[in-house]
Amino acid sequence: MDRVVKQSSPIREVDATPYAASLIEGHRDFGYSLETALADVIDNSISAGSTTIQLIANTAVEEPSIIIADDGSGMSEAELVEAMRLGSKNPSDKRAVQDLGRFGLGLKSASFSQCRSLTVISSQNSKVSCARWDLDRVSQRNDWSLELLDDHSVLPGLDLLPANGTVVVWEKLDRLIGGYGDDRVKRVSHLNEEIGQAERHLRLVFHRFLEGRNPRIRIFLNKRQLKPIDPMASGHPSTQKSPEEVLGLSKGQVRIRCYTLPHHKKMTRDEWDETGGPEGHLKSQGLYIYRENRLIISGGWLGLARQTELTKLCRIAVDIPNTMDSDWKIDVKKASAQLPPQVRERLKKIVEHFVGTSKRTYRRRGQRLVDETAQPIWTRVQKDGQVIFRPNSDHPVFRAYADQLPDDLREGFYRCIKIVGSGLPIATLHAELVGNAESVVADHADEEDLRQLVFTMADALLGSGIPADAISGAMQSHPVLRDNWYVAKKLIEDYLEQSDYTETRA
């Protein structure tokens, strides 16, 4: 019998430790912006139990810096060293329900994306520890030696450190001030603009934490408290809300709730602009995905629907727990996600049913334009599958003026009205309405214009048998009079007084 000889494995091992200088520079390019980087650092503060977070942006000095200070639990020196380690957490590890972290990269990668010097000062029971990553030093030495600083007296932001808490200091802001050379004015202007954009982002992303009379956290930017921006306008009395739907999955529950924002005429200009954001409501419609109440995705339909003018009032809040991170493919920045198949299937049905609510809000207003009882100035005509808007030549104002004209001029007058209708700038109106519909308004009507409209319409209404006490209600449905109701109401009262006076004398 042949004897079997067991051979040793042919695998050999060599040291392949990554080069510190190369790897740490690579951590600068995860795609963070200033706003997402700040949000990621604030996540750590919230996870540490902070109630007050201060952002100090020193932009007008020769060497600008940004400081983030919190009053959380703080860290011992050993905990601080671990927190400064790249990849200090396994994303598959079980974590606390309200833990907003995932990879253990956020503090470092977010900071490195904006600066070359990251200093973290932390205090636990009044014992202060400090560590620093300086990318220039790492590049020179090409090793993973973290600096521990024992002399705290000259550290920036030390005055913001409570007995328990942490201060993060960004210095050497090369990514934020680069490209402007020695032009300090442009450099400061650019930095302030970036911080202004970041402010709105933080007010939006953490709005659930900032809301209420006793908010869970308070965030200050250069001593000014940030107010929340609720993209659902959930506190507005005209916002429509559907009942919450709960989708139970193996790793937790997904909560879904639909909101239809009020029409812009029911909101103040500031409210409308705030909920729409810098890109407007057309771009901000869609899904808002929250992970442990922290906003991850703000707007867009993720392939479930098209962004249209008629659906721009639609918002759907989707809440997920941090146990579903891998299923949703939450990225390092916590700024993107993908819908799991089961959630996508359910949301597709919800979206198809829901977007009709927003469309009806706009169509209802459009229908008023062609309501015959409102004596519309424009009529809507469907012809050969097309929609045509024409001036209503039977409107009392047009008829009253035409009746005063000689017969040979009357036909020309009506032809002019038709030319106005055929010259309606459809393409221009469409471009304006798609881009910024709420800014497209009717021309101003002065009091004499309104008087002519009120008196001729009132004559027509009385002549058709409508009683005098019903005229005011009938006219209020007219869009021109409704938009100028304070003046129109007085003109209607003047008309009725004159009618009573005429009848009395007769």
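Residues numbered from 1 in each chain as written. Predicted model: local features only at pLDDT ≥ 70, side-chain atom pairs only at ≥ 80, totals over all residues. Heavy atoms only, no water.

**Examining the overall build of the protein**
Then comes step 1: Per the secondary structure count, the protein includes 19 helices and 16 strands.
Then comes step 2: Intrachain contacts of the protein at a sequence separation of at least 6 include 66% that bridge at least 24 residues.
Then comes step 3: When the accessible area of the protein is evaluated, it comes to approximately 28000 Å², of which 50% is carbon and sulfur surface. (Helix = DSSP H or I, 4+ residues; strand = E, 2+ residues; numbered from the N terminus. Contact = heavy atoms within 4.5 Å. Areas by Shrake-Rupley, 256 points an atom, 1.4 Å probe, with all protein chains shown as cover.)

**Thoughts on the packing of aromatic side chains**
Then comes step 1: Here the structure, examined in full by the defined rule, presents six aromatic pairs.
Then comes step 2: Consider the rings of Phe 398 and Phe 413, whose centres lie 6.5 Å apart with planes at 70 degrees: the pair is edge-to-face. One end of the pair, Phe 398, is in helix α13 (residues 396-403); the other, Phe 413, is in helix α14 (residues 407-422), and 15 residues separate them in sequence.
Then comes step 3: Look at Tyr 401 and Phe 413: their rings are 5.2 Å apart centre to centre, the planes differ by 55 degrees, and that puts the pair in the tilted class. With Tyr 401 in helix α13 and Phe 413 in helix α14, this residue pair connects regions lying twelve residues apart in the sequence.
Then comes step 4: Look at Tyr 401 and you get partly exposed, because its relative accessible area is 43%.
Then comes step 5: A cation sits over an aromatic face here: Arg 208 above Tyr 290, 3.6 Å from the ring centre. (Phe/Tyr/Trp six-rings, centres within 6.5 Å; stacked < 30°, edge-to-face > 60°. Buried < 20%, exposed > 50% of the residue type's maximum accessible area, 1.4 Å probe, protein only. Lys NZ or Arg CZ within 6 Å of the ring centre and 35° of its normal.)

**Thoughts on unusual backbone geometry**
Then comes step 1: Even without being glycine, Ser 126 reaches a positive phi, approximately 70 degrees.
Then comes step 2: Along the chain, Ser 126 turns up in the loop between β3 (117-124) and β4 (127-134).

**A look at helix α16 (residues 447-463)**
Then comes step 1: Taking 1.5 Å per residue, 17 residues should reach 24 Å; α16 reaches 24 Å between its end C-alpha atoms and fits that length.
Then comes step 2: All buried positions along α16 are accounted for by Leu 450, Leu 453, Val 454, Phe 455, Thr 456, Met 457, Ala 458 and Leu 461.
Then comes step 3: Just downstream of α16 lies Gly 465, where phi reads positive at about 100 degrees. (Expected span 1.5 Å × (residues − 1).)

**Quick notes on the pattern of salt bridges**
Then comes step 1: Enumeration over the complete set of coordinates arrives at 25 salt bridges.
Then comes step 2: Put simply, Arg 451 and Glu 447 hold a salt bridge, and the shortest N to O gap is 3.8 Å. With Arg 451 and Glu 447 both in helix α16 and four residues apart, this pair spans about one turn of that helix.
Then comes step 3: Using a relative accessible area of 45% as the deciding quantity, one classes Glu 447 as partly exposed.
Then comes step 4: Here the salt bridges do not stand alone but share partners, grouping Glu 25, Arg 116, Asp 134, Asp 136 and Lys 172 into one network. (Salt bridge = Lys/Arg side-chain N within 4 Å of Asp/Glu carboxyl O.)

**Notes on the nonpolar core**
Then comes step 1: Formed by 47 residues in total, the largest nonpolar core has its most connected members in Ile 68, Trp 170, Phe 206 and Ile 219.
Then comes step 2: Considering each element in turn, this core owes the most residues, seven residues, to helix α2 (residues 34-47).
Then comes step 3: Core analysis: the next-biggest nonpolar cluster, separate from the first, contains 25 residues, Cys 258, Ile 289, Ile 320 and Leu 339 among them. (Core = buried A, V, L, I, M, F, W, Y, C linked by side-chain atoms within 4.5 Å.)

**Here's the deal with the pairing of strand β2 (residues 65-70)**
Then comes step 1: In terms of residue burial, β2 counts as a mostly covered element, since six of its six residues are buried.
Then comes step 2: Relative to β2, strand β1 (residues 52-58) runs antiparallel, the two sharing six bridges. Bridge pairing in β2 links Gln 54 to Ala 69.
Then comes step 3: Adjacent in sequence and paired antiparallel, β1 and β2 are bridged by six residues. (Pairing = 2+ DSSP bridges.)

**A short note on the sheet that holds strand β6 (residues 165-171)**
Then comes step 1: Spatial ordering of the open sheet is given by β5-β4-β3-β6-β2-β1-β7-β8, a layout of eight strands whose pairing is mixed. Among the strands making up the open sheet, the edge pair consists of β5 (147-148) and β8 (224-225).
Then comes step 2: In the sheet, β3 pairs with β6 via seven bridges, with the strands oriented antiparallel. Bridge pairing links Ile 121 to Val 167 in β6.
Then comes step 3: The sheet strands contacting helix α3 (residues 77-84) are β3, β4 and β5, and the helix crosses β4 at an angle near 20 degrees. (Axes fitted to C-alpha atoms, helices over the stretch in contact; angles between N-to-C directions.)

**Quick look at the packing of α2 against helix α7 (residues 184-205)**
Then comes step 1: Between α2 and α7, whose axes approach to 8 Å, the crossing angle comes to 50 degrees. Overall, the two elements α2 and α7 adopt an arrangement that is oblique. By crossing handedness, the relation of α2 to α7 is classed as right-handed. Two secondary-structure elements touch here, α2 through Leu 34, Glu 35, Thr 36, Leu 38, Ala 39 and Ile 42 and α7 through Glu 194, Ile 195, Gln 197, Ala 198, His 201 and Leu 202.
Then comes step 2: For the contact of α2 with α7, the residue count by class is seven nonpolar, three polar and two charged. (Parallel < 35°, antiparallel > 145°, perpendicular 65-115°, else oblique. Left-handed = near helix turned anticlockwise from the far one by under 90°. Nonpolar A, V, L, I, M, F, W, Y, C, P; charged D, E, K, R; others polar.)

**Section: the pairing of β4**
In the case of a regular strand, side chains alternate between the two sheet surfaces.
Then comes step 1: A large share of β4 lies buried, amounting to six of its eight residues.
Then comes step 2: A loop of two residues connects β3 with β4, the two strands running antiparallel in sequence, and Asn 125 in this loop sits at a positive phi of about 55 degrees.
Then comes step 3: Note that β4 and β5 share two bridges and pair antiparallel. From the neighbouring strand, Ala 131 faces β5, where its bridge partner is Leu 148.

**Concerning the environment of Ile 426**
Then comes step 1: By the element assignment, Ile 426 lies in helix α15 (residues 426-436).
Then comes step 2: With relative accessibility at 54%, the residue Ile 426 sits in the exposed group.
Then comes step 3: Each C-alpha atom of the pair Ile 426 and Phe 389 lies 9.8 Å from the other, and the pair is 37 residues apart in sequence.

**Structural notes on the confidence of the model for the protein**
Then comes step 1: Chain-level statistics for the protein give a pLDDT mean of 84 and a share of 87% at 70 or above.
Then comes step 2: Segment residues 366-373 is flagged for pLDDT under 50; beyond a separation of four residues in sequence, or across chains, it makes nine contacts in the model.
Then comes step 3: For the stretch residues 501-506, pLDDT sits under 50, and the model shows zero contacts to residues farther than four places along the chain or on other chains. (pLDDT = per-residue confidence, 0-100.)

**Some remarks on the side chain of Glu 309**
Then comes step 1: Note on placement: Glu 309 falls in the loop between β13 (294-298) and β14 (314-320).
Then comes step 2: Within polar-contact distance, the side chain of Glu 309 engages the side chain of Lys 312 at 2.6 Å. (Polar contact = N/O pair within 3.5 Å; in protein donor to acceptor, adjacent residues only side chain to side chain.)

**Overview of α7**
Then comes step 1: Compared with the 32 Å implied by 1.5 Å per residue over 22 residues, the 31 Å span of α7 between its first and last C-alpha is a close match.
Then comes step 2: Every buried residue of α7 is accounted for by Arg 187, Val 188, His 190, Leu 191, Ile 195, Ala 198, Glu 199, His 201, Leu 202, Arg 203, Leu 204 and Val 205.

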